Amino acid sequence: MALTGVEIFKLLPKTNCKKCGHPTCLAFAMKLAQRQASLDQCPDVSDEAKRILGEASAPPIRPVSFGTGDRTLKMGEEMVLFRHEKKFVNPTVFAVEIKDTEADEKINSIVEDVLSSEIDRVGQKLRVDAILINNVSEDVSRFETVIKTVSSKAANVPLIISTTSPTVAEAALKLVASWRPILYGANKDNAEQMANLAKTYKVPLGVKAEGLEALSSLTEKIKSLGVEELVIDSGAIKAKDIIEHNTLIRRAALKKNFKPLGYPVINFCEREDKVLEALIASLGIMKYSSIVVLSSVEKWKNLSLFTLRQNIYTDPQVPMQVEQKIYRIGEPKPDSPLLITTNFSLTYFIVSGEIENSKVPSRLAVMDCEGLSVLTAWAAGKFTAAKIAQFIKESGIENEISHKELIIPGYVAILSGAIEEKLPGWKVTVGPREANGIPAFLRQRMS
Amino acid sequence: MAFVAPKESYSGKVSEVTIGTDKTISFGGENVLPFQSFEGTVPHRPVIAYEIQDVPPGDWPETVKSVYEAVSSDPVSWAKFCEDKLNAKAIALRLIGTHPDRENRSAEDAKRVVRDVLSAIKVPLIILGSNHVEKDSEVLVAVAEAAKDKNCIIGKAQEGNYKTITAAAMAHNHKLIAMSELDINLSKQLNILITQMGFPKERLITDPMCSALGYGIEYTYSVMERIRLAALTQNDAVMQPPMLGDVGTYVWKVKETQASENELPHWGSLKERSITWEAVTAAAMLIAGAELLIMRHPEAVQVVERFVDELMQ
């Protein structure tokens, strides 16, 4: 919640000296409120004013990151409660827990799962982002061994070091502090020591307390000790508590500018039943978790969670697009049908899905129309006869297939003559208007 | 700085709908966003109905088709199986066989199936057409009469056929699903048109059109959230019907519920993958605001019920 111009004005020297380049202090204050001026333009502003204004202009949910290099994971900075208002900013981090009491074999296999988790979906690389190593054994040397194993196998996978013992924490940080892991964490009993470690080793600190009141006091205390890169855990485990706490945390941060809860949230979603675990993690993705901790990372479970995260974190104002190219569906032969559509990802998914349902191997030419659907692209002049003809010519498809027939969406039947004119020798066939008519259409051609 | 929980109170409330006669079930009625019982009341759990068809599910993927192998050749035994063995709280009978591109069964055939199923089960019945605008207006009118006074849900009324279907639902005392295509304004407009015919808004269910995970679910999700916010914060009466997530039919046609692990090893086990796909889609619809779901796989239904347990208690 930013300050108003008048509130800012009260903090300025009120000398109207014009050194900032504005005619009056009030005019300068108004510009500050609109974020069109910066406070350093005023040479006479007091330190007190700087502090208050600095705090008020900070993002309501603090940016926090961990890991290094191109694997750095950014969290926080969210500005809305509902995704239709504005894009959710930093996607939920998926972390898998490794307990140091597990057998080495199990640990190795989880690390393997993390390393091989990457898949490509609609042009985005998706993967399990981080590993949480939990000192369940409470034994320092075992913890060190496991950290060494994980960090040697999974170099550059961001880590979360989970222990409440400052001694164990320091031993772990000595090994991997340079990777910027999260130290998780601080509680009411160890807050000072943990805060000191986080300061010394320059790592973000996970803070846990039971309930939002206790959590707020604890983060304030830790902040007063000079640590501000925090990740918070309200102790919510049950779905009911996750949705309640996460909603109240985000509301408090955004609507009340309540700083003690203006941090990324970590939720533990582990369940005996792995499908239920996927649902709890899904709740986290939809309802404001910055990190969801999982007990396992099976490929089938990852696929659902990666996809949901991608869907929820897309920009509601920008349509999702797929790459312009000729997609092969099934095992098309030179005489298999060739269809064309636009590159709006939803259009692509639905059309390719229906072609697949038809079981008729085909080629689907997907043309770049800036992510618009067929009718919209046509209306916007991006899916025109000339552009379609040019795309087909430049695609080189003529050398790959033994026919010259192009099937166009029924909604742009009007283009068929013009395309034939611009693509000499080609025959244009009008396909169904809706994708669900494709299976019947393709099958009937085969018979 | 002391923490004060920033609770909201809303002026509007979702309408409460009760269906069935022998065994009834209610949903809706909350005056808060989904599962936010910390600031208001959530009187009912969402209801999950099992989907069955008037014709055998030849086009369903193996993972879900095999569950019903022994019973799905006959809608009555299929319905009984859902009620007796799966403890279905409601059953959704989709008359897909009436579609002109499918078996093109007649309205008379559909009436007979509906009568038979109704006399075999005690739980409430949802009766769905084949989503063919013209044929549905014939079929749904006939089945609404066949199910007279059984307090079913009839659907789906769309822009192109709502008049006849609404009149039939009104005359025979049913609830009605109003479906529009992923647009909050179209949804509102259809609800207005239907209520202007004299159909009580308390008997309406809104279907803003479902989508599967990975296939546009974010559109359904946001349209549902916006409808619900309009219902609660603006107390907009025509936006207050409970919402339907017609999950199974969208989920069980996407590649993720069909492709084998051999074909796509990096997608993992098909069985778990497809069940999770249906369950995650359903969970997203619930969190966005759906109070009524139609689903197919019993394991997906069961895990979503457990998810709801955790959200409610």
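For the structure itself, look to the data block above.
Residues numbered from 1 in each chain as written. Chains lettered and ligands numbered in written order. Predicted model: local features only at pLDDT ≥ 70, side-chain atom pairs only at ≥ 80, totals over all residues. Heavy atoms only, no water.

**Q** Tell me about the nonpolar core, and name the residues and values.
**A** Among soluble globular proteins, nonpolar side chains are generally buried collectively. The biggest cluster of nonpolar side chains holds 196 residues, and the ones touching the most others in it are Ile131, Leu205 and Ile222 of chain A together with Leu293 and Val304 of chain B. Sorting elements by how many residues they give to this core places helix α9 (residues 270-288) of chain B first, with 11 residues. Counting 23 residues, the second-largest nonpolar core is a separate cluster that includes Ile388, Ile401, Ile408 and Ile419 of chain A. (Core = buried A, V, L, I, M, F, W, Y, C linked by side-chain atoms within 4.5 Å. Buried < 20%, exposed > 50% of the residue type's maximum accessible area, 1.4 Å probe, protein only. Helix = DSSP H or I, 4+ residues; strand = E, 2+ residues; numbered from the N terminus.)

**Q** Explain the interface of chain A and chain B to me, and be specific about the residues and the numbers.
**A** Contact residues are listed per partner, giving 51 residues for chain A and 53 residues for chain B. Here chain A meets chain B over a buried area of about 4,800 Å², counting both sides, of which 67% is carbon and sulfur. In terms of surface lost to chain B, no three residues of chain A exceed Arg251, Leu279 and Trp300 of chain A, which account for 14% of the buried area on that side. Between the two partners, chain A and chain B, sit 7 salt bridges. Here the side of chain A that touches chain B takes 9 residues from helix α9 (residues 239-255) of chain A, the largest share from any one element. (Contact = heavy atoms within 4.5 Å. Buried area = accessible area lost by both parts, 1.4 Å probe. Salt bridge = Lys/Arg side-chain N within 4 Å of Asp/Glu carboxyl O.)

**Q** How would you explain helix α4 (residues 133-146) of chain B if you had to name every residue and give the values?
**A** Helical periodicity: at 3.6 residues per turn, an α-helix aligns residues three or four positions apart in one direction. Residue and element names in this part refer to chain B. In a regular helix each residue adds 1.5 Å, so 14 residues correspond to 20 Å; α4 covers 20 Å between its end C-alpha atoms and thus fits that length. Taken as a whole, α4 has its buried residues at Lys135, Asp136, Val139, Leu140, Ala142, Val143, Ala144 and Ala146. Among the structural elements, α3 (107-120), β5 (125-128), β6 (153-157) and α5 (162-171) are those in contact with the buried residues of α4. (Expected span 1.5 Å × (residues − 1).)

**Q** Which residues make up a nonpolar patch on the surface, and what are the values?
**A** On the surface, Val6, Leu26 and Met30 of chain A cluster together into a nonpolar patch covering about 230 Å² of accessible area. Relative to the helices and strands, Val6 of chain A is located in helix α1 (residues 5-11). (Patch = residues over 30% accessible without salt bridge, like charges linked within 9 Å, V, L, I, M, F, W, Y side chains within 5 Å. Areas by Shrake-Rupley, 256 points an atom, 1.4 Å probe, with all protein chains shown as cover.)

**Q** Now, about the pairing of strand β7 (residues 159-162) of chain A: what can you tell me, with residues and values included?
**A** Residues and elements named next belong to chain A. Burial along β7 is two-sided: the residues Leu159 and Ile161 and Ile160 and Ser162 are all buried. Two elements, strand β6 (residues 130-134) and β7, share 4 bridges in a ladder whose sense is parallel. Bridge pairing in β7 links Ile131 to Leu159. Crossover handedness for the path β6 to helix α5 (residues 140-153) to β7: right-handed. One crossover worth recording links β7 to the parallel strand β8 (residues 182-186) by way of helix α6 (residues 166-176), and it is right-handed. (Pairing = 2+ DSSP bridges. Right-handed = clockwise from strand over helix to strand, strands pointing away.)

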